[in-house]
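# Inside the fold
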Amino acid sequence: MKLLAIESVRKVYRSTARSAEVVALDGVSLMIERGECFGLVGESGSGKSTLSRLILNLEAPSSGRIAYDGRDLTSLGQEEMRRLRARMQIVFQDPYASLNPRMTVHDLVAEPLAIHPEAGYRDRGRRTVRVGELLGTVGLKPEHMWRYPHEFSGGQRQRVCIARALALNPEFLILDEPTSALDVSVQAQILNMLLELQTRLGLTYLFISHDLGVVRYVAHRVALIHNGRIVEEGPVGQVFSAPKSDYARTLISASPELALQALLAP
């Protein structure tokens, strides 16, 4: 069942200094099904992060339509959008930059619960219990909630960010390069945890990355974006083993592991 539909979305930024236009997205169309992990791959400046901001309605598209669960995001009022954002969350690339160093983990993870009182956590004591549960969900201990971000490793900080993203029981997560700032061994731990959480909690992911190997591991379907346009889309195995576009072939040839898989494919 379709959860997110992006239809012919175009995003243009205008530079007042030179009266020039910068086309960040040019006719992007995607569909993400409930329960899947959809990978979005592209180099820096390709439009990946712009698209994530449009999905969260932090910016409006210049043209086109983005519908979440059948509702056009640009048609929603401020209060409607605030409530809808409880169902969609984002985890960013740099966990340290995502966490206020002056706040304890308790306050960081409890913040969404305080902002959304309709979730049923008006009482601070209930919020504390919920924070302990969330930390356990991501492999941390309840006593960790009284520490500050600088007291954790990079992988632990990203677990805190994931716990915060899960606080309101969302159904859709945008994972924006969630492991690229971590050591390789820690990357594997976080990726495996995300896959386990997806199965256990019934989550839908948009996994944004420039790393084809990571996307090959976690995603069901993938789209390749280049200069604001989708150049190829399909099941991960199909796209990576039999790419149709020159851009996809170039990306795969630059990844030794995927190039070997493509060479050995029947």
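Before reading further, recall that the structure is shown in the block above.
Residue numbers restart at each chain and count upward from 1, following the sequence in its written direction. The model is predicted, so local features are restricted to residues of pLDDT at least 70 and side-chain atom pairs to those at 80 or more, both for listing and for counting; the totals for chains, interfaces and linings are taken over all residues. Note: side-chain values were computed over all heavy atoms of the structure, leaving out hydrogens and water.

### So, the overall build of the chain
How we decide: Labels follow the DSSP assignment, with helices taken as runs of H or I lasting at least four residues and strands as runs of E lasting at least two, numbered in each case from the N terminus. Each radius of gyration is computed over the set of C-alpha atoms, and the globule rule expresses the reference value as 2.2 Å times the number of residues to the power 0.38. Think of it in three bands: residues with accessible area under 20% of the maximum for their type are buried, residues over 50% are exposed, and the middle band is partly exposed, with areas taken using a 1.4 Å probe on protein chains only. Contacts were defined at the residue level, with two residues in contact if any of their heavy atoms lie within 4.5 Å. In this description, accessible areas are obtained by the Shrake-Rupley approach with a 1.4 Å probe, and a residue is regarded as covered only by the protein chains that are shown. Asp and Glu count as negative and Lys and Arg as positive, but His and the ends of the chain are not part of the count. Charged groups are reduced to one reference atom each: NZ for lysine, CZ for arginine, CG for aspartic acid, CD for glutamic acid.
In terms of regular secondary structure, the chain is built from eleven helices and ten strands. Whereas a compact globule of 266 residues would reach a radius of gyration of roughly 18 Å, the chain reaches 19 Å, a difference of no more than 12%. By its C-alpha atoms, the chain is 55 × 45 × 40 Å across when sized along the principal axes. Of all 266 residues assigned to the chain, the portion counted as buried reaches 49%. Put simply, 65% of the contacts in the chain that link residues at least 6 apart link residues at least 24 apart. Accessible area for the chain stands at about 12600 Å²; split by element, carbon and sulfur atoms hold 51% of it. Taking the average location of the 31 positive side-chain charges in the chain and that of its 29 negative ones, the two points are 3 Å from each other.

### Quick word on unusual backbone geometry
One non-glycine residue, S8, adopts positive backbone phi at about 50°. Given a relative accessible area of 47%, S8 falls into the partly exposed group.

### Remarks on helix α6 (residues 154-165)
Applied cut-off: Take the residue count of a helix, subtract one, and multiply by 1.5 Å to get its expected span.
Here α6 contains twelve residues, and its C-alpha end-to-end distance of 17 Å stays within 8% of the 16 Å for a straight helix at 1.5 Å per residue. The element α6 is extensively covered by neighbouring structure, given that ten of its twelve residues are classed as buried. Among all positions in α6, only G155, R157, Q158, R159, V160, C161, I162, A163, R164 and A165 are buried. Tucked into the core, α6 has its buried residues touching β6 (88-91), α3 (95-98), α4 (105-115), α5 (124-137), β7 (172-176) and α7 (184-201).

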